[in-house]
Amino acid sequence: MAKLRGTGIAAVNYPTGMNLGGDPSQALIHATTSGSFVVALSSTDLGQGLRTVIGQIAAETLGVAADEVVIDTADTDTGPHCMGTFASRATHRVGNAVKAAAEEARTALLEVAALELNAPVGGLVLDGFGNVLVAGDPGRCVRVAEVASKAQFEYGRTISGRGAYMKPKSPVDPETGAMDPDSTEAHACTIAEVEVDTETGQVAVLGIRSAYEVGRQVNPALVRGQIVGGAWMGMSHALYETTEPYYPNPDHKPKDFSEYVMPGPAELPEIDCVVLEVPSSTGPYGVKGVGEMTANSPIPAIVNAIYHACGVRVDDLPVTPEKILRGLEAKWATESAAAAGGR
Amino acid sequence: MPELKMPEPLHVVGRSVQRSDAAAHVTGRTRYAGDYTFPGMLHLRMVRSPVHHAMIRAVDLSRAERVPGFVRALTWRDVPHNVYTILGLIGVEPEEEFVLAQDRVRYKGEPIVAIVAETEAAALEAVAQVRLDLEELPAVFDVEEALQPDAPIVTHWGSNAFMFEGHPCRRVRFGDVEAGFAQADHIVEAVYNSSPIEHAPTETTGCVAVPEADGRFTVYTNTQALYFSLDNTAIILQVAGKRLHFVGGTVGGGFGGKVDVIVEPIATLAAMKTGRPVRYVFSRSEEMQVSSTRSAWRIRIRDGVMRDGRIVARKVTSYADSGAYSRQTPYALTKHAANAAGPYAIPNVSIDAYCVFTNRTPSSAMRGFGVTMASYAIEVQMDRIAERVGVDPWTIRFVNAYRNGDMKPHRKLAEDATLIETMQAAAALVGHELTDEQRAMTSAPRSPGPEGSPGGEAAAAGSRAAGAPASAGAPAAPASTAEGVL
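The shown structure was predicted, so the numbers you read here are calculated from the model rather than taken from an experiment.

## Focus: the overall build of chain A
Phase 1: Tallying secondary structure elements over chain A gives six helices and eleven strands in all.
Phase 2: For 343 residues, the compact-globule estimate of 2.2 N^0.38 gives 20 Å, and the C-alpha radius of gyration of chain A, at 27 Å, exceeds that figure by more than 25%.
Phase 3: The buried share among the 343 residues of chain A stands at 59%.
Phase 4: Considering only contacts in chain A between residues 6 or more positions apart, those separated by 24 or more positions represent 74%.
Phase 5: With the model as given, the accessible surface of chain A reaches about 12,200 Å², and the carbon-plus-sulfur share is 54%.
Phase 6: Within chain A, one finds 25 positive and 41 negative side-chain charges whose respective centroids are separated by 3 Å.

Written as structure tokens, this is what we have:
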């Protein structure tokens, strides 16, 4: 009996967006009297940080600080339609819609600022810190807050914007499968290191290290959060989770987390990553979707590492200690039969 | 390495701005759907099938109605449009799932009667007092058994396969896979299986439906798709969409499990029938046992491989276990078919992806929809191929990696490929020494170099025009030998 170590690799790509398109998202933006902006959506934040990321895209496009943007989501009376948060689509689709809405609102803002500064709209720039400047004439500037207030009370104008994004729905050829199933593709390559205990069949995951290419990162800390969380989920899928432990036999379904076992903090390995940024042509500021894919490459990387460690390939997820022990027994039986035959 | 072109200096995008909801989340002040309470709020609990497959002979509510706190029961007769399919909104047919079971249950846990009561405890007690008279039917649980001619039929249309425009599977046909196998030095075959997986969100699926004074209904919900849930609820209840107002946006974990529209229609119906707010939030055991799962998969891969590791033919036959109803799973099969060849340039590909109905809890969308288990199967298969051919696992992936300008099997030109650069970065991260050739590779479109020059053969394989016969553009193959062939 021994503890055997091995490493495994997996490389994947993953499509962004509902695969055949036809999944619109829309956004509305308006300025308040004090120069903040409210983004109205019906999009949902699943805990991944959509509100924050969408706020950053809005602030970037409007040319104001991130904390000047309020994300009002999600309400079907006030927020325009969004297909939903799934298919790694929200940063791409909602981000594009918000960027378009922010561009329209920014134009409206600059039109009022042009009246205030007595300068052509085309000669104005937003500095990203709440000021409108006349390009090349740093002395002439006005606060966004002042423009917003005057738009309301002196000019009687709205500073607002509408935005929509949709990849048109595309058909599938039922004979050949010809189709357009993505808006862009993100990539990952994961190396897992494991230690297999040949007496108990237990697998300890020692490391999950990955390179990701996800287009432009809007918020690197949140991207890293997805990668670490996804690595944990992938490890859990590879080694622990199922609602039917003897599938296709439907018995022994768990009722709670004491029966549906997942790795806890003690089982978590070192998770490390590097992130490449190759902007997509379709995403706002070049983003791709990183939401779903982070659970994918860790699964085969761990399964491959187990084989590298102990010579047992389990082609049936999850790879439980029972399956590893049965695999080891079969392998040892074959080996001893071969040895006996060779004598 | 393709260059990141900054169109202009960015101020906010690209910075790790602290998330706006962090303080509320970590101090427990975030308000989730199940946290909403209203005066007079009722509680809904479900009577569910205790068996996998049965005819319903009778339902006796008389004892349940006598439970103190019982308010009313809802059966299928109360549901205006009781047979629906979630994906009907995007044109997927047929309608086949029952909001509440009529004469038959197709999985253990299928909802039959909704009980609305003054308290959760009273609702649970009344549920326990409902008497079901069921006639059990043979059930089927294995995806390939379900496709046999003598299998018990789960659906109402006489076959356990979802029909994709006249075919019992989603097909991809690219090149000539049999010609590819004929020229291959090795055939590598394996079957990969996975079991159903629960989304396991921290917050279980749920909503509170509130009748308003103006005749509208406000629904506080943790759906991942607010309008999708509203529009499906309007269809099931046969009311104008303007009578519904859905509020959400804060979800304690979704992973695809909250794209199904399961709780909102029946809770809103109960609010309509009683005139009172109704709360319907899954218990943890409901979330584990009757909320939809990630599909179980069986994926057979047969690859034809040249001596140097190039894959010249890949045939994939996949079965996704949809359980008793389709929910989002048919759409997953299409996404699966688009991705089942992996991020590799393979000149001859054939994919048959079946969506199969069985007598188990329906599966539906989950993170990686149709692709997660394809990636698992393909990436373990790549290691099998590497071992057979006698190259290392990195080399087998570099040799076959797709490039920009390659035609994918679903006939779309690759345009955002960075697999090679990503693998190079991963090798640097873990200190793996790549060969000079691997270090020099990029995802740039292949130049049509002479065959035998670096990249030339693979280039011919990858950039071959769609639909051309395999023999025309496929790489020149060394003479096939018996060595190593299955």
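## Notes on the overall build of chain B
Phase 1: Secondary structure summary: chain B contains 15 helices and 19 strands in total.
Phase 2: Across its three principal axes, chain B shows a C-alpha extent of roughly 85 × 65 × 35 Å.
Phase 3: Considering chain B as a whole, with its 486 residues, one finds that 63% of them fall into the buried category.
Phase 4: Summed over its atoms, the accessible surface of chain B is roughly 17,300 Å², and 52% of this surface lies on carbon and sulfur atoms.

## So, the domain arrangement of chain A
Residue and element names in this part refer to chain A.
Phase 1: Domain parsing of chain A yields domain 1 (3-16 + 182-337) and domain 2 (25-165).
Phase 2: Between the C-alpha centres of domain 1 and domain 2 the distance comes to 40 Å.
Phase 3: Each partner contributes residues to the interface: domain 1 has 17 residues there, and domain 2 has 17 residues.
Phase 4: Summing both partners gives a buried area of about 1,300 Å² for domain 1 against domain 2, and 59% of it is carried by carbon and sulfur.
Phase 5: Taken as a group, V218, P284 and Y285 account for 41% of the area that domain 1 buries against domain 2, more than any other trio of residues on that side.
Phase 6: The tally of links between domain 1 and domain 2 comes to zero salt bridges.
Phase 7: Our count for the contact surface shared by domain 1 and domain 2 stands at seven residue pairs in polar contact (both at pLDDT 80 or more).
Phase 8: Where the side of domain 1 that touches domain 2 is concerned, the elements lending two or more residues are β1 (3-15) and α4 (220-239).
Phase 9: Across the side of domain 1 that touches domain 2, the residue classes tally to seven nonpolar, nine polar and one charged.

## Concerning the side chain of N82(B)
Residues and elements named next belong to chain B.
Phase 1: Along the chain, N82 turns up in the loop between β3 (70-74) and β4 (83-84).
Phase 2: Residue N82 is classed as buried on the basis of its relative accessible area of 5%.
Phase 3: Here L100 takes part through its backbone oxygen, which lies 2.8 Å from a polar atom of the side chain of N82.
Phase 4: Apart from residues lying up to four places away in sequence, N82 is in contact with W76, E97, F98, V99, L100 and Q102.

## Examining the sheet that holds strand β6 (residues 131-134) of chain A
Residue and element names in this part refer to chain A.
Phase 1: If you walk across this open sheet you meet the three strands as β5-β6-β7, and the pairing is antiparallel. The two strands at the open ends of the sheet, each matched to only one other strand, are β5 (124-126) and β7 (137-143). Strand-to-strand, the axes of this sheet are offset by a mean angle of 30°, without reference to chain direction.
Phase 2: Where β5 and β6 come together, three bridges link them in antiparallel fashion.

## Looking at the side chain of R360(B)
Phase 1: Here R360(B) is to be found in the loop between β18 (349-357) and β19 (363-364).
Phase 2: One polar contact links the side chain of R360(B) to the main-chain carbonyl oxygen of P248(A), over a distance of 2.6 Å.
Phase 3: The residues contacting R360(B), other than those within four sequence positions of it, are E244(A), Y247(A), P248(A), N249(A), P250(A), R106(B), Y107(B), F141(B), P196(B), D321(B), G323(B) and A324(B).

## Thoughts on the sheet that holds strand β17 (residues 311-323) of chain B
Residues and elements named next belong to chain B.
Phase 1: In space, the five strands of this open sheet follow the order β9-β18-β17-β16-β10, with mixed pairing throughout. The two strands at the open ends of the sheet, each matched to only one other strand, are β9 (170-174) and β10 (186-194). Recorded for the sheet is a direction-independent mean angle of 5° between the axes of neighbouring strands.
Phase 2: The pairing of strand β16 (residues 296-305) with β17 spans ten bridges and is antiparallel. Across the sheet, residue I299 finds its bridge partner in β17, namely S318.
Phase 3: The sheet strands contacting helix α9 (residues 329-339) are β9, β16, β17 and β18, and the helix crosses β18 at an angle near 165°.
Phase 4: The strands that helix α10 (residues 372-389) touches are β10, β16 and β17; relative to β10, the one it contacts most, it runs at about 145°.

## So, the interface of chain A and chain B
Phase 1: Contact with chain A, which involves 120 residues of that partner, is made by 114 residues of chain B.
Phase 2: Where chain A abuts chain B, roughly 9,500 Å² becomes buried across the two surfaces, and 57% of that area is made up of carbon and sulfur atoms.
Phase 3: R384(B) is the partner of D315(A) in a salt bridge, and the nearest nitrogen-oxygen pair spans 2.6 Å.
Phase 4: Counting across the chain A and chain B interface gives 71 residue pairs in polar contact (both at pLDDT 80 or more).
Phase 5: Broken down by class, the residue content of the side of chain A that touches chain B amounts to 56 nonpolar, 38 polar and 26 charged.

Here is what the cut-offs are and how they apply
Residues numbered from 1 in each chain as written. Chains lettered and ligands numbered in written order. Predicted model: local features only at pLDDT ≥ 70, side-chain atom pairs only at ≥ 80, totals over all residues. Heavy atoms only, no water. Helix = DSSP H or I, 4+ residues; strand = E, 2+ residues; numbered from the N terminus. Rg over C-alpha atoms; globule rule 2.2 N^0.38 Å. Buried < 20%, exposed > 50% of the residue type's maximum accessible area, 1.4 Å probe, protein only. Contact = heavy atoms within 4.5 Å. Areas by Shrake-Rupley, 256 points an atom, 1.4 Å probe, with all protein chains shown as cover. Lys, Arg positive; Asp, Glu negative; His and termini not counted. Charge placed at Lys NZ, Arg CZ, Asp CG, Glu CD. Domains from an automatic or database assignment. Buried area = accessible area lost by both parts, 1.4 Å probe. Salt bridge = Lys/Arg side-chain N within 4 Å of Asp/Glu carboxyl O. Polar contact = N/O pair within 3.5 Å; in protein donor to acceptor, adjacent residues only side chain to side chain. Nonpolar A, V, L, I, M, F, W, Y, C, P; charged D, E, K, R; others polar. Pairing = 2+ DSSP bridges. Axes fitted to C-alpha atoms, helices over the stretch in contact; angles between N-to-C directions.

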